[in-house]
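Single-letter residue listing:
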Amino acid sequence: MSENLIGYMDDQGNIIDTQSAGENCTATPIEYDNSEAALEIIRHSTAHLMAQAITELYPNSQFFVGPVVDEGFYYDFRVDEQIGENDLKAIEKKMKELIKKKYKIEKYEISKAEALKKFSKDDLKLKVMERIADDTVSIYKQGEFEDLCRGPHVPALRFLHNFKLTRVAGAYLGGDENSEMLTRIYGIAFADKESLKAYLTMMEEAKKRDHRKIGSEMELFMFNEESGAGLPFWMPKGAKLRYKLESILHKAHLTRGYEPVRGPEILKADMWRTSGHYACYGDNMYLTEIDGQEYGIKPMNCIGHIQIFKQTQKSYRDLPLRYYEYGVVHRHEKSGVLHGLLRVREFTQDDAHIFCTPEQIASEVIEVVEFVDAVMKLFNFDYTMEISTKPEKAIGDDDVWEMATQGLKDALNENNLPFTIDEGGGAFYGPKIDIKITDAIGRKWQCGTIQVDFNLPERFEVEYVDEDNTRKQPVMIHRAILGSFERFIGILTEHYAGEFPFFLAPTQVIFVPISESHVVYANMLKKKLLAEGIDSEVYDKNDSLNKRIRTAEKQRVPYVVVIGDEEVTNNTVAIRNRRTREQYNLTQDEFMVELTQQLQEGKI
RNA sequence: GCCCAUAUGGCUCAGGGGUAGAGCACUUCCUUGGUAAGGAAGAGGUCGUGAGUUCAAGUCUCACUAUGGGCUCCA
């Protein structure tokens, strides 16, 4: 047996640890390294080692589950003491002490009945066993410590060295909000020191591009304690960035046959009763009273668009009719889930509603999907699509749901677009396709969404006159591509680490005149750029040249342009291109051509 | 909402039961410099909010507010 053998993998991809495998196991051996299978074993055992250390430090602790997850492992447990980040070091130290005792990890099996008796005083273990169907359970033992566990584990503690406990958190027992909250400690482990170090470095890098950090460094947006949580303020730089994104998208909507509309921010509560939001979404709505009547601030824009559609009589010739709005909505998100721009209580959706016939659903959905793809390509985003089906809390008939869901699947299938299914994840009024993009730290965020809705047109009695002069009900397709400007800009910021493409950068050019005599030329160029819709600044503060270049660079602007005697005399510019990290000289005309070309890149 | 942590000048942070420090930023002056920090002087905070303990509280306790890490991943 190899020194480095820590388990086997059978034909089905199941991991068998050395404790479970017989003497002559013929399955593929798993060596101690950073392979997926090896890491799973190592991390699982590290979780146990952590539990053992916690038991020694906090003798009253009781353990629930300690699985391996995408990034490392965790263990949920109940403990009398409060454990904070500062206690993690002590636990790590104890873990290292335990390793020195060179325990083997042994396994034995007992019947479930015996196990129930053995752990009769441990209600968490009993809870765990409730979820086990088998008649026998396995127990792993290392030194004095033993734990009910399915495995797999490394043969001995000597395989565990390169780990780090990363954070302590609270977690509901079984993930149920109404259950008791246990303490959870997360950790990570690798087969070698270098990989652990690389992982920790990567986490540091991810922190550096955190949109909250960059957003405050670049003065894009802010929050304010006195004003309330989850309510973002857009500072001049952020507002410029946002305006550019809005403009790009505005043009893209017009070329795709959308028409701009706008509804009020607040509507009578009866509207929300009719729509079903009051019943299904009321907990998340901000309600108020005006002149003795209840009103609700809109959490969605659909109602406004429906009213506009209904204002004039529509013919089948008007369909598909596409209304779009940068709709400001308010939603009461739980305080604990707020997160920078990625989860806020007031945000602006790039929202549209397409009124069409059932026959037009597939082609409209395809067009939206193409629109989504164009936007994602513009920013080089990877994204995935997911179809969500009927949730528990829903309105509308089952067969209506079925028809709409099938419509979405057909649209994607016919175009060979891959998707996954989220059973029960739909909105209460219809099935949907969600577009999820991955941010710099690998987190997935739902951005765009395409939702088919047969319910609202019925509830609001939306109609059009068909070819045969009868009144029919159109279908509504709700869709957003960015999702919200807030979240999307948050993700963009992390994606680009603040180095936005030229067509989005809040300040696109910074001029640094070498001395006072060059300021006039710089200001003239600034004006010229502004006429082309390009934002620039002139850094003529009384600082040294080097200092001003440094300050300009730190702003992450695409172009820093130095202006001196040479440039003024020859009508040229000396460019520092921050995106390509190159330095070169251009004539004024060449410069204008280069910039306007880059503006064009933002066209979709 | 729940668990844990954090909250000091605009920003980043140090300090720590006896009435606050640094760097950057800011203001003024000198310097007019060719590609990532020239020099000098100066202004600015009562330590998130409220209450309590104490002769004395940024410093201890409690509440609140805000921020951060979590709350699907099954022995």
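Being a predicted model, the structure only gives us computed values, none of them experimental.

Comments concerning the overall build of chain A
For step 1, the next point in the chain: Counting secondary structure elements, chain A contains 18 helices and 31 strands.
For step 2, the next point in the chain: When its C-alpha atoms are laid out on the principal axes, chain A stretches across 80 × 75 × 55 Å.
For step 3, the next point in the chain: Out of the 604 residues belonging to chain A, those deemed buried represent 51%.
For step 4, the next point in the chain: Contacts spanning at least 24 positions in sequence make up 69% of the contacts within chain A whose residues lie at least 6 apart.

Some thoughts on the sheet that holds strand 7 (residues 106-111)
For step 1, the next point in the chain: Within the open sheet, the 3 strands sit side by side as 7-8-9. Their pairing is antiparallel. Where the open sheet ends on each side, the last strands, each with one partner, are strand 7 and strand 9 (145-148). For this sheet the average axis-to-axis angle between neighbouring strands, irrespective of direction, equals 25°.
For step 2, the next point in the chain: With 6 bridges joining them, strand 7 and strand 8 (residues 136-142) adopt antiparallel strand pairing.

A few points about the domain arrangement of chain A
For step 1, the next point in the chain: Assigned domains within chain A: domain 1 (30-201), domain 2 (214-495) and domain 3 (509-600).
For step 2, the next point in the chain: In this structure, domain 1 and domain 2 have C-alpha centres spaced 42 Å apart.

Here's the deal with the packing of aromatic side chains
For step 1, the next point in the chain: Counted under the stated rule, the structure contains 20 aromatic pairs.
For step 2, the next point in the chain: Measuring from centroid to centroid gives 5.2 Å for F63 and Y75, while their planes differ by 80°, and the two rings are edge-to-face. Linking F63 in strand 4 (residues 62-63) with Y75 in strand 6 (residues 72-78), this pair joins segments that are 12 residues apart in sequence. Residues F63 and Y75 agree in their burial class; the two are buried.
For step 3, the next point in the chain: A connected cluster of aromatic rings, assembled from ring pairs, spans F63, Y75, F77 and F145.
For step 4, the next point in the chain: A cation over a ring is seen here: R256 above F371, with NZ or CZ 4.3 Å from the ring centre.

Description of the packing of helix 7 (residues 236-255) against helix 11 (residues 361-378)
For step 1, the next point in the chain: Between helix 7 and helix 11, the least distance of the axes is 12 Å, while the angle of their chain directions is 150°. As far as their axial angle goes, helix 11 and helix 7 are roughly antiparallel. Two packed elements cross with a definite hand, and for helix 7 against helix 11 that hand is right-handed. Residue-level inspection shows I248, L249, A252 and H253 of helix 7 in contact with helix 11, the latter providing F371, V375 and L378.
For step 2, the next point in the chain: A per-class count over the contact of helix 7 with helix 11 returns 6 nonpolar, 1 polar and no charged.

Some words on the nonpolar core
For step 1, the next point in the chain: By size, the foremost hydrophobic cluster in this structure holds 58 residues, and its most contacted members are L245, V365, F379, F488, L492, F500 and L504.
For step 2, the next point in the chain: Among the elements that line this core, the one with the most residues is helix 11, at 10 residues.
For step 3, the next point in the chain: Once residues lying within four places of it in the same chain are set aside, the contact partners of F500 are M218, L220, L241, L492, T493, A505, P506, P558 and R579.
For step 4, the next point in the chain: Core analysis: the next-biggest nonpolar cluster, separate from the first, contains 44 residues, A53, I99, L160 and I185 among them.

A short note on the pairing of strand 9
For step 1, the next point in the chain: Relative to strand 9, strand 8 runs antiparallel, the two being bridged by 4 bridges. Bridging across to strand 9, Q142 finds its partner in F145.
For step 2, the next point in the chain: Connecting strand 8 to the antiparallel partner strand 9 that follows it, the hairpin turn spans 2 residues, and G143 within it adopts a positive phi of roughly 60°.

Quick look at the packing of helix 7 against helix 14 (residues 485-496)
For step 1, the next point in the chain: The interhelical angle for the contact between helix 7 and helix 14, taken along N-to-C directions, is 110°, at an axis separation of 11 Å. Comparing their axes, helix 14 and helix 7 come out roughly perpendicular. Together, L241, R242, L245, E246 and L249 of helix 7 and F485, E486, F488, I489 and L492 of helix 14 make up the contact between the two elements.

Considerations on the pattern of salt bridges
For step 1, the next point in the chain: Summed over the entire model, instances satisfying the criterion amount to 35 salt bridges.
For step 2, the next point in the chain: The shortest N-O distance in the salt bridge between D468 and K472 comes to 3.8 Å.
For step 3, the next point in the chain: Note on D468: relative accessible area 48%, which makes it partly exposed.
For step 4, the next point in the chain: Residue D543 pairs with K541 through a salt bridge whose shortest N-O separation is 3.1 Å.
For step 5, the next point in the chain: The class of D543 is partly exposed, set by a relative accessible area of 25%.
For step 6, the next point in the chain: The class of K541 is exposed, set by a relative accessible area of 57%.

Focus on the protein's contact with RNA strand B
For step 1, the next point in the chain: Near RNA strand B lie 60 residues; those nearest to it are L148, Y172, I514, N542 and R576.
For step 2, the next point in the chain: Within the side chain of R150, a nitrogen or oxygen atom sits 3.1 Å from a phosphate oxygen of RNA strand B.
For step 3, the next point in the chain: Residue N542 places a side-chain N or O atom 2.3 Å away from a base oxygen belonging to RNA strand B.
For step 4, the next point in the chain: Sorting the residues of the surface near RNA strand B by element identifies strand 5 (68-69), strand 8, strand 10 (162-172), strand 11 (181-190), strand 13 (228-234), helix 16 (545-554), helix 17 (565-570) and strand 30 (572-577) as the ones contributing at least two each.
For step 5, the next point in the chain: In terms of residue count, the dominant contributor to the surface near RNA strand B is helix 16 (7 residues).
For step 6, the next point in the chain: Considering only residue class, the surface near RNA strand B consists of 25 nonpolar, 16 polar and 19 charged.

Calculation notes
Per chain, residue numbering runs from 1 following the sequence as it is written. Each chain takes a letter, starting from A, and each ligand takes a number, starting from 1, following the order in which they are written. For a predicted model such as this one, the threshold for reporting local features is a pLDDT of at least 70, and the threshold for listing and counting side-chain atom pairs is 80 or more; totals across whole chains, interfaces and linings nevertheless cover every residue. The side-chain values count all of the structure's non-hydrogen atoms but skip hydrogen atoms and water molecules. Each helix corresponds to a stretch of at least 4 residues labelled H or I by DSSP, and each strand to a stretch of at least 2 residues labelled E; elements are numbered beginning at the N terminus. Each residue is placed in one exposure class: buried if its accessible area under a 1.4 Å probe, protein chains only, is under 20% of its type's maximum, exposed if it is over 50%, and partly exposed if it falls in between. Note on contacts: a residue pair is in contact if any heavy atoms of the two residues lie within 4.5 Å. When DSSP finds two or more bridges between two strands, those strands count as paired. A fitted line through C-alpha atoms serves as each axis, taken over the contacting stretch for helices, and the angle formed by two N-to-C directions is quoted from 0 to 180°. Per the annotation, domain bounds derive from an automatic or database assignment of domains. For Phe, Tyr and Trp, where Trp contributes only its six-membered ring, two rings pair if their centres lie within 6.5 Å, and the inter-plane angle classes them as stacked under 30 degrees, edge-to-face over 60, or tilted in between. Lysine NZ or arginine CZ positioned within 6 Å of the ring centre and within 35 degrees of the ring normal marks a charge as sitting over the ring. Any angle that falls under 35 degrees is termed roughly parallel, while one over 145 is termed roughly antiparallel, one within 65 to 115 roughly perpendicular, and all others oblique. The crossing is said to be left-handed when, going from far helix to near helix, the turn is anticlockwise and less than a right angle, and right-handed when the turn is clockwise. Following the grouping adopted for this structure description, the nonpolar residues are Ala, Val, Leu, Ile, Met, Phe, Trp, Tyr, Cys and Pro, the charged ones are Asp, Glu, Lys and Arg, and the polar ones are all others, Gly among them. Within this scheme, the nonpolar core is defined by two criteria: the residues are buried Ala, Val, Leu, Ile, Met, Phe, Trp, Tyr or Cys, and they are joined through side-chain atoms within 4.5 Å. Here, a salt bridge means any Lys or Arg side-chain nitrogen found within 4 Å of an Asp or Glu carboxyl oxygen. One heavy atom within 4 Å of a molecule or strand is enough for the residue carrying it to be called near that molecule or strand. Residues adjacent in sequence count toward polar contacts only when both atoms are side-chain atoms; beyond that, a polar contact is any pair of N or O atoms within 3.5 Å, and within protein one must be able to donate a hydrogen and the other to accept it.

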